[in-house]
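Residue-level structural notes
Residues per chain are reported as follows:
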Amino acid sequence: MAVTDPLGDMLTRIRNGQRARKDSVLSPASKLRVRVLDVLQREGYIRGYSEEEMGPAKGIRIELKYFEGQPAIKHVARVSKPGRRVYSGSQELPRVMNGLGITIVSTPRGVLSDAEARDQNVGGEVLAEVF
């Protein structure tokens, strides 16, 4: 079955893996997914990731992070979906949990967290929110 929202699929795999207390999860690879994982790793929500073979295609092994037995990611949600794209300027980027969480934004300068996008004064498509 074809996946209509690859990024949403990866975020769901991460959410389900943490609920099942897995050390890592496997997801098909794409450039967008890797850039989002870079942001999650920079912000400390995952331990890391590595590329792996998944039959004929490449996959990504995502190492999940826990803090005192609790998942580092309490909430992860897709904001901009294939049926409804959400865009925001640099000053209007939403703050998650009053600044405790992050918003992942796809900008002309790459995939950035909301704080990085504000520092670089760029807006773009709001991909997901994480806290």
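Residues numbered from 1 in each chain as written. Predicted model: local features only at pLDDT ≥ 70, side-chain atom pairs only at ≥ 80, totals over all residues. Heavy atoms only, no water.

1. A short note on the domain arrangement of the chain
The condition is simple: Boundaries between domains were set according to an automatic or database domain assignment. Here a residue-residue contact requires only that any non-hydrogen atoms of the pair lie within 4.5 Å. Once two parts are put together, the accessible area they lose, assessed with a 1.4 Å probe and summed over both, is termed the buried area. A side-chain nitrogen of Lys or Arg and a carboxyl oxygen of Asp or Glu constitute a salt bridge if their distance falls within 4 Å. Numbering of helices and strands starts at the N terminus; helices are DSSP runs of H or I of at least 4 residues and strands are runs of E of at least 2. Each residue receives one of three labels: charged for Asp, Glu, Lys and Arg, nonpolar for Ala, Val, Leu, Ile, Met, Phe, Trp, Tyr, Cys and Pro, and polar for the others, Gly being one of them.
For the chain, the assigned domains read domain 1 (6-71) and domain 2 (76-130). The centre of domain 1, based on its C-alpha atoms, is set 19 Å off from the matching centre of domain 2. Facing the 12 residues of domain 1 at the interface are 14 residues of domain 2. For the pair domain 1 and domain 2, the two sides together bury roughly 1100 Å², of which 72% comes from carbon and sulfur. When the buried surface of domain 1 facing domain 2 is broken down by residue, Leu11, Val39 and Tyr45 rank first, second and third, together holding 38% of it. Run the count over domain 1 and domain 2 and you get one salt bridge. One salt bridge in this structure joins Glu116 and Arg42, with 3.0 Å as the shortest N-O distance. Mapped by element, the contributors of at least two residues to the side of domain 1 that touches domain 2 are helix H1 (6-19) and helix H2 (31-42). In terms of residue count, the dominant contributor to the side of domain 1 that touches domain 2 is H2 (six residues). Looking at the side of domain 1 that touches domain 2 residue by residue, the class counts come to seven nonpolar, one polar and four charged.

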